[in-house]
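Chain by chain, the residues run as shown.
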Amino acid sequence: GGGISILENNKFSIFSKPEEVFNSDITAIASDSSGVIWISSELTGTIKLTDAKKSLKESKYEHFIGNELSDRVYGARTLKNGETIFITDAFLKRYNPKEQKFENFEIDGMPRFFQITNFYEDSKGHLWFGTYHGGLYEYQTDLKTFKFYDYLRDGIGSNWITVISEGAKGEI
């Protein structure tokens, strides 16, 4: 893992070779409201790509690993309000562009005991959080409350949630 390829005009080119920056699997690529591209990995943190060229070596980027973010970044998503949120082993983090730093992303009632494995913002603006063996949580932004879904009680397929998506009719 760790390599990134680009398909342009039916031809692949290598943007970043394995081990060049990332020595583990790429877990997410997200673009924020200012056009910054975030590339995260399982063991080597995240890069903030501000000026992409033909290769990563030629591009302008910052590498965030450990310290305020984490080296283990399992995913990233940009919300409708433009905020980019990262799933890490040190909980969820948001990037604050004004302060140019990462901060904890927390909502009262958010699950803390179970590792968050995925999250999704639906068409209503509700935030969904999947966990590792802790079920599924829906933050209803209009009511400012969480609703919890469990394998036994609610009939979801498992309490280990790895993917959350929305269908054309709004079904999760």
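Heads up: the structure comes first, above all this text.
Everything quoted here is computed from the prediction, not taken from an experiment.

A look at the pairing of strand E7 (residues 73-78)
No. 1: As paired elements, E7 and strand E8 (residues 84-88) share five bridges and run antiparallel to each other. The partner of Arg77 across the bridge, within E8, is Ile85.
No. 2: Remark: five residues form the turn of the hairpin made by E7 and E8, two consecutive strands paired antiparallel; Gly82 in that turn has positive phi of roughly 95°.

Notes on the pattern of salt bridges
Any two side chains of opposite charge can pair, given that their charged atoms come close.
No. 1: Taken as a whole and judged by the stated rule, the model has five salt bridges.
No. 2: In this structure, Glu62 and Lys48 form a salt bridge, with 3.9 Å as the shortest nitrogen-oxygen distance. A residue pair is termed long-range when its members are at least 10 positions apart, and Glu62 in strand E6 (residues 60-64) and Lys48 in strand E5 (residues 46-51) qualify at 14 residues.
No. 3: Look at Glu62 and you get partly exposed, because its relative accessible area is 38%.

Observations regarding the sheet that holds E6
No. 1: An order of E3-E4-E5-E6 is seen for the four strands of this open sheet, with the pairing classed as antiparallel. Each of the sheet's edge strands pairs with one partner strand only, and the pair in question is strand E3 (26-31) and E6. This sheet shows a mean twist of 15° between the axes of neighbouring strands, independent of strand direction.
No. 2: Here E3 runs beside strand E4 (residues 37-41); their pairing, made up of five bridges, is antiparallel. Bridging from a neighbouring strand, Ile26 pairs with Ser41 of E4.

Comments concerning the nonpolar core
No. 1: If you look at the biggest cluster of nonpolar residues, it comprises 14 residues, and the most contacted ones within it are Leu92, Phe105, Ile107, Met110, Leu127 and Phe129.
No. 2: Excluding its chain neighbours within four sequence positions, the residues that come into contact with Leu92 are Ile85, Phe86, Ile87, Glu103, Asn104, Phe105, Met110, Ile116 and Phe129.
No. 3: Counting eleven residues, the second largest nonpolar core, distinct from the first, contains Ala28, Trp38, Val73 and Phe86.

Re the sheet that holds strand E13 (residues 136-140)
No. 1: Spatially, four strands are ordered E11-E12-E13-E14 in an open sheet, and the strand pairing comes out antiparallel. Either end of the sheet is taken by a strand with one partner, and the two such strands are strand E11 (116-121) and strand E14 (145-149). Here the average twist between neighbouring strands, direction ignored, is 20°.
No. 2: As judged from the five bridges shared by E11 and strand E12 (residues 127-131), these two strands associate in the antiparallel manner. When the sheet's bridge partners are listed, Ile116 is paired in E12 with Thr131.

Some thoughts on unusual backbone geometry
No. 1: The phi dihedral of Gln100 falls on the positive side, at around 55°, and the residue is not glycine.
No. 2: Along the chain, Gln100 falls in the loop between strand E9 (91-96) and strand E10 (101-104).
No. 3: Given a relative accessible area of 56%, Gln100 falls into the exposed group.
No. 4: The backbone of Lys144 shows a phi angle near 55°, a positive value even though the residue is not glycine.
No. 5: Its location among the elements puts Lys144 in the loop between E13 and E14.

Some remarks on the side chain of Ser24
No. 1: Positionally, Ser24 belongs in the loop between strand E2 (11-16) and E3.
No. 2: According to the relative accessible area criterion, Ser24 is buried, its value standing at 6%.
No. 3: Of the polar contacts made by the side chain of Ser24, one reaches the backbone nitrogen of Leu43; its length is 2.8 Å.

Structural notes on the environment of Gly45
No. 1: Locating Gly45 in the fold gives a position in the loop between E4 and E5.
No. 2: Relative accessible area serves as the criterion here: at 0%, Gly45 is assigned to the buried category.
No. 3: Sequence separation between Gly45 and Asn96 is 51 residues; the distance between their C-alpha atoms is 17 Å.
No. 4: Beyond its immediate chain neighbours, meaning those up to four positions away, Gly45 contacts Phe22, Ile39, Ser40, Phe64, Ile65, Ser70, Asp71 and Val73.

Cut-off values and rules
Residues numbered from 1 in each chain as written. Predicted model: local features only at pLDDT ≥ 70, side-chain atom pairs only at ≥ 80, totals over all residues. Heavy atoms only, no water. Pairing = 2+ DSSP bridges. Helix = DSSP H or I, 4+ residues; strand = E, 2+ residues; numbered from the N terminus. Salt bridge = Lys/Arg side-chain N within 4 Å of Asp/Glu carboxyl O. Buried < 20%, exposed > 50% of the residue type's maximum accessible area, 1.4 Å probe, protein only. Axes fitted to C-alpha atoms, helices over the stretch in contact; angles between N-to-C directions. Core = buried A, V, L, I, M, F, W, Y, C linked by side-chain atoms within 4.5 Å. Contact = heavy atoms within 4.5 Å. Polar contact = N/O pair within 3.5 Å; in protein donor to acceptor, adjacent residues only side chain to side chain.

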